Amino acid sequence: MTELQNRPIGVFDSGIGGLTVVRALMERLPLENLIYYGDTARVPYGVKSRATIAAYSAQIVEYLLAQRVKALVIACNTIAAVAGDAIRQQAQGLPVLDVISAGAQAALHTSKNHHIAVIATNTTVNSNAYARAIHAQNPDTLVRTQATPLLVPLVEEGWLDHEVTRLTVREYLKPLLVDDIDTLVLGCTHFPLLKPLIGKEAQNVALVDSAITTAEATAQALAQAGL
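An account of the accompanying structure is given in this report. (Residues numbered from 1 in each chain as written. Predicted model: local features only at pLDDT ≥ 70, side-chain atom pairs only at ≥ 80, totals over all residues. Heavy atoms only, no water.)

With that out of the way, let us pick up the pattern of salt bridges. Pairs can form between side chains of opposite charge whenever their charged atoms are close. Following the criterion strictly, the structure yields 13 salt bridges and no others. Linking R68 and E3 is a salt bridge whose minimum nitrogen-to-oxygen distance equals 3.1 Å. Of the two residues, R68 is situated in the loop between α3 (50-66) and β3 (71-74) and E3 in helix α1 (residues 2-5); the sequence distance between them amounts to 65 residues. When its relative accessible area of 44% is taken as the criterion, R68 is described as partly exposed. Of the charged contacts in the structure, one is a salt bridge between E171 and K174, with a shortest N-O distance of 3.0 Å. Residue E171 and its partner K174 are located together in helix α9 (residues 163-177), separated by three residues, close to a single helical turn. Residue class for E171 comes out partly exposed when judged on its relative accessible area of 47%. For K174, a relative accessible area of 46% gives the class partly exposed. (Salt bridge = Lys/Arg side-chain N within 4 Å of Asp/Glu carboxyl O. Helix = DSSP H or I, 4+ residues; strand = E, 2+ residues; numbered from the N terminus. Buried < 20%, exposed > 50% of the residue type's maximum accessible area, 1.4 Å probe, protein only.)

Pasting the structure below:
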């Protein structure tokens with residue numbers, strides 16, 4: 001068991017966005033070893049077909065399993081939405097955590113008026129994964145989703161406080177803010193890097209960063225499994 005406990009946690013994403021989850025994991029579980037796989041050669045995933053995303057995800061998981069990880073953290077909303085079930089089957093019984101489950105739970109705890117919005121990639125929005133996860137716990141919640149495909153390339157480019165990014169965020173948020181939302185889920189792990197900018201454009205709206213919640217869920221899963 002000691003050998004198993006000393007194995008690393010595998011964390012993966014389509015690019016650099018999942019490093020927000022890595023940071024939260026390092027703060028919550030400072031004694032754990034982490035292996036991070038960011039598929040920057042093939043980013044973004046959110047505009048690719050479901051079959052392509054599933055194939056890429058299977059390749060990444062195969063690599064991480066070869067590194068003898070003790071748990072997997074899907075730090076990519078698109079992968080979690082499309083391939084979460086397949087990854088759990090491939091993981092051979094290891095704990096598998098994902099940002100959608102954690103983000104949905106955090107949003108429900110945060111919202112006061114049960115009006116929640118989600119910004120995410122096209123594939124995550126089309127999967128309806130967030131709405132299903134939220135409605136499974138509270139079917140009366142209003143959930144609005146908005147695909148924001150331009151934001152991932154802007155983050156990967158490092159344009160975190162650029163006027164182009166600001167105007168893009170403003171346009172994406174317009175249809176959501178008219179519905180009196182009080183909580184906005186950053187449904188892509190790239191988006192917490194835009195928190196300051198999004199906060200200025202969505203004042204009086206609580207921003208849910210699932211990285212922190214995912215780190216806490218990981219800590220609980222490892223404890224329950226004796227890992």
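This is not the end of the story, as more comes after the structure.
Now for the nonpolar core. Counting 36 residues, the largest nonpolar core has F12, L72, I74, I79, I87 and V185 as its most contacted members. For this core, the elements supplying multiple residues, two or more each, are α3, β3, α4 (77-90), α5 (99-110), β5 (115-120) and α7 (129-137). With sequence-adjacent residues up to four places away left out, L72 is seen in contact with G10, F12, V61, L64, I87, A91, P95, V96 and L97. With 20 residues, the next largest nonpolar core counts Y172, C188, L194 and L197 among its residues. (Core = buried A, V, L, I, M, F, W, Y, C linked by side-chain atoms within 4.5 Å. Contact = heavy atoms within 4.5 Å.)

We now examine the sheet that holds strand β8 (residues 206-208). Reading across the sheet, the four strands line up as β6-β5-β7-β8 and stay open at both edges, with parallel pairing between neighbours. Each of the sheet's edge strands pairs with one partner strand only, and the pair in question is β6 (142-147) and β8. Across this sheet, the average inter-strand angle for adjacent strands is 25 degrees, counted without regard to direction. Judged from the six bridges that link them, β5 and β6 form a sheet pairing that is parallel. Bridge pairing links V118 to T145 in β6. Sitting on the sheet, α7 is in contact with β5, β6 and β7 (183-186), with an inclination near 165 degrees to β6. (Pairing = 2+ DSSP bridges. Axes fitted to C-alpha atoms, helices over the stretch in contact; angles between N-to-C directions.)

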